[in-house]
Amino acid sequence: MDATLHWWTLLSGVALVNVAAWLWTAVTVRRSAAHGPGDSRHLQLLLSAGYVFGCAYRSLLPVYDIQRLCLVDSWLSSVIVGRSVATVAELCFVAQWSVLLREAAVAARNPAALLVSRLLLPMIVVAEVCSWHAVLTTANLGHVVEESLWGTSAALVTACLWMLRRTLAPRLRPLMLFFCAAGAAYVLYMFTVDVPMYWARWIADEAQRRPYLPLLEGVPDAALRRVVSHRWEDWRTEVVWMSLYFSVAVWLSVALVHVRLPGRPREALAGVAHPKSA
């Protein structure tokens, strides 16, 4: 139990730091000079709040969805509640990247990056549906598809940011390079560790002929069944992704609020959508 308690304490401490960082960012944005028409920091701040506070909630009340494991015996730790919070938070996070990529694409008049910015949210909506299917049925195949979509979307964003980096203001290039490096590391992790892990779990369950829950039976099961465990053996497979997800990913979310791309008038967007008209 000691290792689990130390890890949980670390997650909780990071969550408090993250919330403080978001509050400081909110004050900074509100005190800054008047924003032009191309400044999306208020939207980014709102979307970041959904992700930062959602991750803080999940850090304080960790849940291992398919196994129905939790650290605190409370309805707040139910899989239904945790998955709902995660869905809202993750959609907010991907919306942040969509907004950033759209602004960069418009500024650079790049139709390919603009197209990717429009595809991101639908891709992650599908990923969330797959996640819910996995959580309710306890079949890991849904997580394989979900994580593959996340990895693919990250690869697309990273490729677009790398392609656009030279078109941005010099002050933004180091930050974009950092985003690219983080994105590349994430994609590598997803396709070499995360997706294979869920695939292996799926194959093992199939080999054991493990019964899965029908969707309608999975709803009350996910809402009511909680297995409280502080055993490190039960949580160790979730430690790496949870630790990175509730720390580094949150820091990226907050960092996005501080990115100021040059605004362009609406005619610029039309020029991106129809490059021949420029």
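Nothing here was measured: the structure is a model prediction, and the numbers come from that model.

Regarding its fold elements, the protein chain presents 10 helices and 3 strands. When the helices and strands of the protein chain are listed from N to C terminus, the series reads α-α-β-β-α-α-α-α-α-β-α-α-α. Here the protein chain has a C-alpha radius of gyration of 20 Å; the compact-globule value for 278 residues is 19 Å, and the two agree. Overall size of the protein chain, expressed as C-alpha extent along the three principal axes, is 60 × 40 × 30 Å. For the protein chain, with 278 residues in total, the buried portion stands at 49%. In the protein chain, the proportion of contacts linking residues at least 24 apart, taken out of those at least 6 apart, comes to 80%. With an accessible surface of roughly 13700 Å², the protein chain has 69% of that area assigned to carbon and sulfur atoms. Charge-centre separation for the protein chain: the mean point of 24 positive side chains lies 14 Å from the mean point of 18 negative side chains.

Before going further, it helps to spend a moment on the layout of surface pockets. Approximately 970 Å³ is the volume found for the largest pocket. Forming the boundary of the largest pocket are 47 residues, of which Tyr51, Tyr186, Met190, Tyr245 and Ala249 lie nearest the centre. At the level of secondary structure, the elements contributing two or more residues to the lining of the largest pocket comprise helix H2 (41–60), strand E1 (63–64), helix H3 (79–108), helix H4 (111–137), helix H5 (141–164), helix H6 (173–207), helix H8 (232–245) and helix H9 (248–257). With 10 residues, H6 is the largest single contributor of residues to the lining of the largest pocket.

With 14 residues, H8 extends 19 Å from end C-alpha to end C-alpha; this agrees with the ideal 20 Å at 1.5 Å per step. Within H8, the axis deviates most sharply at Glu238, by approximately 50°. Of the positions making up H8, those classed as buried are Trp235, Glu238, Val239, Trp241, Met242 and Tyr245.

For any two helices packed against each other, one specifies the crossing angle of their axes together with the interaxial distance. With their axes 9 Å apart at the nearest point, H5 and H6 run at an angle of 165° to one another. Considered as vectors, H5 and H6 are oriented roughly antiparallel to each other. Along this stretch, H5 crosses H6, giving a crossing that reads as left-handed. Broken down by class, the residue content of the contact of H5 with H6 amounts to 20 nonpolar, 6 polar and 2 charged.

What follows covers the side chain of Ser131. Turning to its location among the elements, Ser131 is positioned in helix H4. Apart from residues no more than four positions distant in its own chain, Ser131 is found in contact with Arg83, Gly142, His143 and Glu146.

Counting 57 residues, the largest nonpolar core has Tyr51, Trp97, Leu100, Leu101, Leu161 and Phe179 as its most contacted members. Residue assignment for this core shows that the elements contributing at least two residues are helix H1 (2–31), H2, H3, H4, H5, H6, H8 and H9. Discounting residues that sit within four places of it in the chain, Leu161 has contacts with Trp97, Leu101, Met176, Phe179 and Cys180. Val79, Val135, Leu136 and Ala222 belong to the second-largest nonpolar core, a separate cluster that totals 6 residues.

Let's shift gears to the sheet that holds strand E2 (residues 69–70). Two orientations exist for strands paired in a sheet by backbone hydrogen bonds: parallel and antiparallel. The strand order across the open sheet built from 3 strands is E1-E2-E3, with neighbouring strands paired in mixed fashion. Every interior strand has two partners, whereas the edge strands, E1 and strand E3 (227–228), have only one. The pairing of E1 with E2 spans 2 bridges and is antiparallel. Residue pairing across strands places Tyr64 opposite Leu69, the latter belonging to E2.

Now for H4. With 27 residues, H4 should cover 39 Å at 1.5 Å per step; its first-to-last C-alpha distance of 40 Å lies within 8% of that length. Roughly 30° is the biggest bend found in H4, and it falls at Leu119, with proline Pro122 one to four residues downstream. Its side-chain oxygen 3.1 Å from the backbone nitrogen of Ala112, Asn110 forms the N-cap of H4. Count one or two residues on from H4 and you reach Thr138, which has phi positive near 65°.

The rules we used
- Residues numbered from 1 in each chain as written.
- Predicted model: local features only at pLDDT ≥ 70, side-chain atom pairs only at ≥ 80, totals over all residues.
- Heavy atoms only, no water.
- Helix = DSSP H or I, 4+ residues; strand = E, 2+ residues; numbered from the N terminus.
- Rg over C-alpha atoms; globule rule 2.2 N^0.38 Å.
- Buried < 20%, exposed > 50% of the residue type's maximum accessible area, 1.4 Å probe, protein only.
- Contact = heavy atoms within 4.5 Å.
- Areas by Shrake-Rupley, 256 points an atom, 1.4 Å probe, with all protein chains shown as cover.
- Lys, Arg positive; Asp, Glu negative; His and termini not counted.
- Charge placed at Lys NZ, Arg CZ, Asp CG, Glu CD.
- 1 Å grid on protein atoms, 1.4 Å probe; cavity = no way out; pocket = protein on both sides within 12 Å on 5 of 7 lines; lining within 4 Å.
- Points joined across faces, edges and corners; volume = space filled by probe spheres on them.
- Expected span 1.5 Å × (residues − 1).
- Bend = angle between axes of the 7 residues up to and from the residue.
- Axes fitted to C-alpha atoms, helices over the stretch in contact; angles between N-to-C directions.
- Parallel < 35°, antiparallel > 145°, perpendicular 65-115°, else oblique.
- Left-handed = near helix turned anticlockwise from the far one by under 90°.
- Nonpolar A, V, L, I, M, F, W, Y, C, P; charged D, E, K, R; others polar.
- Core = buried A, V, L, I, M, F, W, Y, C linked by side-chain atoms within 4.5 Å.
- Pairing = 2+ DSSP bridges.
- Polar contact = N/O pair within 3.5 Å; in protein donor to acceptor, adjacent residues only side chain to side chain.

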